[in-house]
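Next come the chains, spelled out residue by residue.
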Amino acid sequence: MIRTAVCDLLGIDYPIIQGGMAWVATAELASAVSNAGGFGIIGAGNAPGEWVRSQIRLTRELTDKPFGVNVLLISPTAQEVVRVALEEKVRAVTTGAGMPGPFLAELKERGIVVMPVVASVALARRLERMGADALIAEGMESGGHIGEITSFPLVPQVVDAVRVPVIAAGGIADGRGLVAALALGAQGVQMGTRFVCSQECIAHPEYKRKIVEAKDRSTVATGYRLGHPVRAIENRFTRHFAELEERGEISEQELIEFGTGKLRLSAIEGDVENGSVMAGQVSGLINDIRPAREIIASMVREAEEIIAGLQRFRC
Ligand code: TUI
């Protein structure tokens, strides 16, 4: 039985959390993950608060299990999304791509579990002081907006720096990753790319195909010049973006405009050459599209077998 403090904190069976990905982490995916004993999350992205409210209500029709909302802190709608999360009393809020600031206390006061994503020890320490209930330590193997440290060194350093439970993210897609995360001191894992390749995820089939066909070196990070690098599968879009970024003639504003709308273009429209196919380095490990329930069940089974096998190293 793989139960940790994170299971009690969130009211779930397995310490497996689904990343709150913009555009593709909708009620369909969140409810499937929660129904399978993990923790599903609706990704607000840049969506208006009322869209998030309708997704929360739809999720409640599809599951009676707890679930959460991810607030993208660089979004102009972040504040209204927090208000909706408060009004709808979701179990937990995860935050990404910035400092949750005053949102943290406001959510906590109303009994909502707050789990910010961090990419450094300094930020982890600050957010624990501000009252975070758990921290998601995300390595730069992840897809989308990334920090600078990989999961293997990041997770144990965050674990050593804080007392709240740490959830490992970045580079995890199977039972081996779950066991490794637990060995590093994490009390759970968050997975994004693996759940994009679930049957329930609404991402365009072409987007899923790109991940399934990806190999170990298929992703690249671009956008360092803008201060927020993004990892995605290399394609015409990333090559064009990298070229513009290197040339330096283009202004930062023009570069931002070039990137705008590109996640939607690939994830919803299915244009996986001109759009941004955000995905983690773990894409090379993902070879199929399965129901969320199977992904979670096989991961837990595999982790239990690995832990049993490791007993031969007992002193
Ligand atoms: O947020 C993510 N991943 C994302 S957000 C996203 S949407 C997007 N689209 C286009 C361009 C940029 C973003 C796609 N993927 N992960 C959580 C995460 N948060 N990773 C790293 C961080 C982070 C980084 C710096 C959190 C806080 C932070 O603090 C810096 C500061 O002090 O503001």
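How each quantity is defined
- Residues numbered from 1 in each chain as written.
- Predicted model: local features only at pLDDT ≥ 70, side-chain atom pairs only at ≥ 80, totals over all residues.
- Heavy atoms only, no water.
- Helix = DSSP H or I, 4+ residues; strand = E, 2+ residues; numbered from the N terminus.
- Buried < 20%, exposed > 50% of the residue type's maximum accessible area, 1.4 Å probe, protein only.
- Contact = heavy atoms within 4.5 Å.
- Lys, Arg positive; Asp, Glu negative; His and termini not counted.
- Charge placed at Lys NZ, Arg CZ, Asp CG, Glu CD.
- Near = heavy atom within 4 Å.
- Polar contact = N/O pair within 3.5 Å; in protein donor to acceptor, adjacent residues only side chain to side chain.
- Nonpolar A, V, L, I, M, F, W, Y, C, P; charged D, E, K, R; others polar.
- Pairing = 2+ DSSP bridges.
- Axes fitted to C-alpha atoms, helices over the stretch in contact; angles between N-to-C directions.
- pLDDT = per-residue confidence, 0-100.
- Core = buried A, V, L, I, M, F, W, Y, C linked by side-chain atoms within 4.5 Å.
- Phe/Tyr/Trp six-rings, centres within 6.5 Å; stacked < 30°, edge-to-face > 60°.
- Lys NZ or Arg CZ within 6 Å of the ring centre and 35° of its normal.
- Parallel < 35°, antiparallel > 145°, perpendicular 65-115°, else oblique.

A. How the structure looks around the overall build of the protein. The number of helices and strands found in the protein is 14 helices and eleven strands. For the protein, the proportion of its 315 residues judged to be buried stands at 56%. Residue pairs at least 24 apart in sequence account for 62% of intrachain contacts in the protein once pairs closer than 6 positions are excluded. Each charge class in the protein was averaged separately, 33 positive and 38 negative side chains, and the resulting centres sit 4 Å apart.

B. The site of the ligand, seen in detail. Around the ligand sit 14 residues, and of these Ala97, Leu123, Glu138, Gly144 and His145 come closest. Here glutamate 138 contributes a side-chain N or O atom positioned 3.0 Å from a nitrogen atom of the ligand. Histidine 145 places a main-chain nitrogen or oxygen 2.9 Å from a nitrogen atom of the ligand. Broken down by class, the residue content of the shell around the ligand amounts to eight nonpolar, five polar and one charged.

C. How the structure looks around the sheet that holds strand S5 (residues 113-118). Across the sheet, eight strands lie side by side as S1-S9-S8-S6-S5-S4-S3-S2; this open sheet has parallel pairing. Of all strands in the sheet, those with a lone pairing partner are strand S1 (16-18) and strand S2 (40-43), marking the two edges. The mean angle between the axes of side-by-side strands here comes to 25°, regardless of whether they run parallel or antiparallel. Across the sheet, helix H4 (residues 78-88) lies against strand S3 (67-72) and strand S4 (92-96), angled at about 165° from S3, the strand it touches most.

D. Examining the confidence of the model for the protein more closely. Mean pLDDT for the protein: 97, with 100% of residues reaching 70 or above. Confidence, expressed as mean pLDDT per element, reaches its minimum in the protein at helix H12 (residues 252-259) with 88 and its maximum at strand S8 (residues 166-169) with 99.

E. Representation of the nonpolar core within the structure. The biggest cluster of nonpolar side chains holds 78 residues, and the ones touching the most others in it are Ile16, Phe195 and Tyr207. Those residues in contact with phenylalanine 195, other than ones at most four positions away along the chain, are Ile16, Ile17, Gln18, Leu29, Val33, Cys201, Ala292, Ile295 and Ile296.

F. Local environment of the packing of aromatic side chains. If you walk through the whole model with that rule in mind, you get three aromatic pairs. Ring centres of phenylalanine 237 and phenylalanine 258 lie 5.6 Å apart, and the angle between their planes is 20°; on these two criteria the pair is classed as stacked. Of this pair, phenylalanine 237 sits in helix H11 (residues 236-247) while phenylalanine 258 sits in helix H12, placing them 21 residues apart in sequence. Accessibility classification places phenylalanine 237 together with phenylalanine 258 in one group, the buried group. Where phenylalanine 241 meets phenylalanine 258, the ring centres are 6.1 Å apart and the plane angle is 35°; that geometry is what we call tilted. Of this pair, phenylalanine 241 sits in helix H11 while phenylalanine 258 sits in helix H12, placing them 17 residues apart in sequence. Members of the aromatic cluster, joined through ring pairs, are Phe237, Phe241 and Phe258. Taking NZ or CZ as reference, lysine 262 lies 4.9 Å from the ring centre of phenylalanine 258, over its face.

G. Layout of the environment of valine 196. One can find valine 196 in helix H9 (residues 193-196). Judged by relative accessible area, which is 4%, valine 196 ranks as buried. Valine 196 sits 178 residues away from glutamine 18 along the chain, and the two C-alpha atoms are 9.5 Å apart. Residues in contact with valine 196, not counting those within four places in the same chain, are Met21, Val24, Cys201, Ala203, Tyr207, Lys208 and Ile211.

H. Quick look at the packing of H11 against H12. Interaxial distance between H11 and H12 falls to 11 Å at its minimum, and their mutual angle equals 175°. Judged on the interaxial angle alone, H12 and H11 are roughly antiparallel. From H11, Phe237, His240, Phe241, Leu244 and Glu245 reach across to H12, where they touch Leu255, Phe258 and Gly259. Residues of the contact of H11 with H12, tallied by class, amount to five nonpolar, two polar and one charged.

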